[in-house]
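# Coordinates in review
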Amino acid sequence: MTVSFATLAALVGGTTTAAIAALLPLCVGIDRVRAVLADRDTLRERAVEVAPLVGVLAAILLVNKGLLRQIEAFSFEYGVRATTAIYAVEGDLVAAVQDAIPAWGVYYFGPMYVVGYVVLLAFPVVAYAFAETLRPLKRLVTAYALNYAVGVACYASVVAYGPRSYHRVPGADPDAARVDAVLLDAFREVTRLTARVNVETNVFPSLHTALSVTVLLAAVSTHDEFPRWTPVAALLAGSIVVATMFLGIHWAIDVVAGVALAGGSVAAADRLVR
């Protein structure tokens, strides 16, 4: 049975909305939510204050997703082809990760990579709207924007295929271990959704890793105010980072670069918001 893009998007959106509705009373507290929602003046002031940062993030996302094919074409014309160099550094590490995890792991890591990722990124935006100050929300949105801005620049300047596509790259080592496209094999229709927002050469750095670690660092910094969110964020972020390699989408080098990008973006966002 073929599932339409609209149906898949609605399924992800509905699952994300349900997850946020469940996490709000658990991690934020129903009394805090009611108190903020009851004060319309505060809500209006907060919306006005954070709107410019959300606008910048939206503009960067528009460039990233709206010009997806143009950025890809630019990278092929002017970018550095790095796939074989990445394999030369790390070898069959991703294949070893796949071998270490049972095949049924795809039914955990697949949904985590798609739905868990959206929940992880969306929930703190909602939760921090109910924080004592807007600083956590402003810092998070700024860090998101910085991650995406650097990611777009990297994708425009580096052409790199993920491990699952390595053997199709000219000059690939024929003795390299095969990495399976397990997400495609298990959830073929889902890849139609991801293909709308990404291209297969956008792997360095891993933005799934960068944004997941960004959320985790933000959760740690707000642990005193939202202590229950920290372990949830750690579980989701850790699962997504592992999923990027287990599903054959990213190299370990992409993941390391994503962690570094997250640290730099959070530090820069902290300074900018101050």
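Heads up: these notes are all about the structure in this document. (Residues numbered from 1 in each chain as written. Predicted model: local features only at pLDDT ≥ 70, side-chain atom pairs only at ≥ 80, totals over all residues. Heavy atoms only, no water.)

### A word on the overall build of the protein chain
Note the threshold: Runs of H or I in DSSP of at least four residues are treated as helices and runs of E of at least two as strands, each being numbered from the N terminus. In this scheme, a residue with accessible area under 20% of its type's maximum is buried, one over 50% is exposed, and one in between is partly exposed, where area comes from a 1.4 Å probe on protein chains only. All accessible areas in this document rest on Shrake-Rupley with a 1.4 Å probe, and a residue is counted as covered only by the protein chains that are shown.
When helices and strands are counted, the protein chain shows 13 helices and 2 strands. Seen along its three principal axes, the alpha-carbon backbone of the protein chain occupies a region of about 65 × 40 × 35 Å. Taking all 274 residues of the protein chain together, 49% fall into the buried category. For the protein chain, the computed accessible surface area is about 13,300 Å², with 65% contributed by carbon and sulfur atoms.

### A look at the nonpolar core
For the record, the criterion: Only buried residues count toward a nonpolar core, which is a set of Ala, Val, Leu, Ile, Met, Phe, Trp, Tyr and Cys residues joined through side-chain atoms within 4.5 Å. Any two residues having at least one pair of non-hydrogen atoms within 4.5 Å are treated as being in contact.
Within the largest apolar cluster, 41 residues are counted, with the highest numbers of intra-cluster contacts made by Val28, Leu120, Leu121, Phe123, Tyr128, Tyr148 and Trp229. When sequence neighbours within four positions are dropped, the list of residues in contact with Phe123 reads Ile20, Leu23, Leu24, Cys27, Val28 and Trp229.

### A few points about the pattern of salt bridges
Put simply, the rule is: Salt bridges are defined as contacts in which a side-chain nitrogen from Lys or Arg sits within 4 Å of a carboxyl oxygen from Asp or Glu.
For the structure shown, the criterion picks out 8 salt bridges. The closest approach of N and O atoms between Asp270 and Arg139, which form a salt bridge, is 3.4 Å. Linking Asp270 in helix α13 (residues 252-273) with Arg139 in helix α8 (residues 135-157), this pair joins segments that are 131 residues apart in sequence. The shortest N-O distance in the salt bridge between Arg274 and Asp270 comes to 3.2 Å. Via salt bridges that share partners, Arg135, Arg139, Asp270 and Arg274 belong to a single interconnected network.

### Some points on unusual backbone geometry
Residue Pro205 is reached from Phe204 by a cis peptide bond, and omega for that bond is 0 degrees. Of note, Pro205 is situated in the loop between α10 (190-195) and α11 (207-221).

### What to know about the packing of α8 against α11
Applicable threshold: For helices, the fitted axis covers only the stretch in contact; all axes are lines through C-alpha atoms, and the angles between them, taken along N-to-C directions, range from 0 to 180 degrees. Here is the rule for angles: anything less than 35 degrees is roughly parallel, anything more than 145 is roughly antiparallel, 65 through 115 is roughly perpendicular, and the remaining ranges are oblique. Definitions for this section: a left-handed crossing has its near helix turned counterclockwise from the far helix by less than a right angle. A right-handed crossing has that turn clockwise. Each residue is assigned to one class: nonpolar for Ala, Val, Leu, Ile, Met, Phe, Trp, Tyr, Cys and Pro, charged for Asp, Glu, Lys and Arg, and polar for all the others, Gly among them.
Taken N-terminus to C-terminus, the directions of α8 and α11 make an angle of 160 degrees; their axes are 10 Å apart at the nearest point. Of the possible angle classes, the one that applies to α8 and α11 is roughly antiparallel. When you trace α8 past α11, the crossing you get is right-handed. Every residue of α11 that contacts α8 at Arg139, Leu140, Ala143, Tyr144, Asn147, Tyr148, Gly151 and Tyr155 is listed here: Leu207, Ala210, Leu211, Thr214, Val215, Ala218 and Ser221. A breakdown of the residues in the contact of α8 with α11 according to their chemical character gives 10 nonpolar, 4 polar and 1 charged.

### So, the environment of Leu37
The residue Leu37 is located in helix α2 (residues 30-38) in this model. Of the residues examined, Leu37 reaches a relative accessible area of 47% and is grouped as partly exposed. Those residues in contact with Leu37, other than ones at most four positions away along the chain, are Leu43 and Phe130.

### Some details on the side chain of Asp270
Look at Asp270 and you get buried, because its relative accessible area is 15%. Not counting residues up to four positions away in its chain, the partners in contact with Asp270 are Arg135 and Arg139.

### Here's the deal with the packing of aromatic side chains
Rules: A pair of aromatic rings is counted whenever rings of Phe, Tyr or Trp (Trp by its six-membered ring) have centres within 6.5 Å, and the orientation is called stacked for planes under 30 degrees apart, edge-to-face for over 60 and tilted otherwise.
Within the structure shown, the criterion is met by 8 aromatic pairs. A ring pair is formed by Tyr166 and Trp251, whose centres lie 5.8 Å apart and whose planes are at 90 degrees; its orientation type is edge-to-face. With a gap of 85 residues between them, Tyr166 in the loop between β2 (158-159) and α9 (182-186) and Trp251 in the loop between α12 (229-246) and α13 connect regions that are remote in the sequence. A single burial state applies to Tyr166 and to Trp251, both of which are buried. Three or more aromatic residues joined by ring pairs make a cluster, and in this case those are Tyr87, Tyr166 and Trp251.

### Thoughts on α11
For the record, the criterion: Any helix carries an expected span of 1.5 Å times its number of residues minus one.
The end-to-end C-alpha separation of α11 is 21 Å, in line with the 21 Å expected for 15 residues at 1.5 Å each. Burial runs high along α11: 11 of the 15 residues are buried. Every buried residue belonging to α11 is among Leu207, His208, Thr209, Ala210, Leu211, Ser212, Val213, Thr214, Val215, Ala218 and Ala219, and all of these are buried. Those residues of α11 that are buried are in contact with α7 (106-127), α8, α12 and α13.

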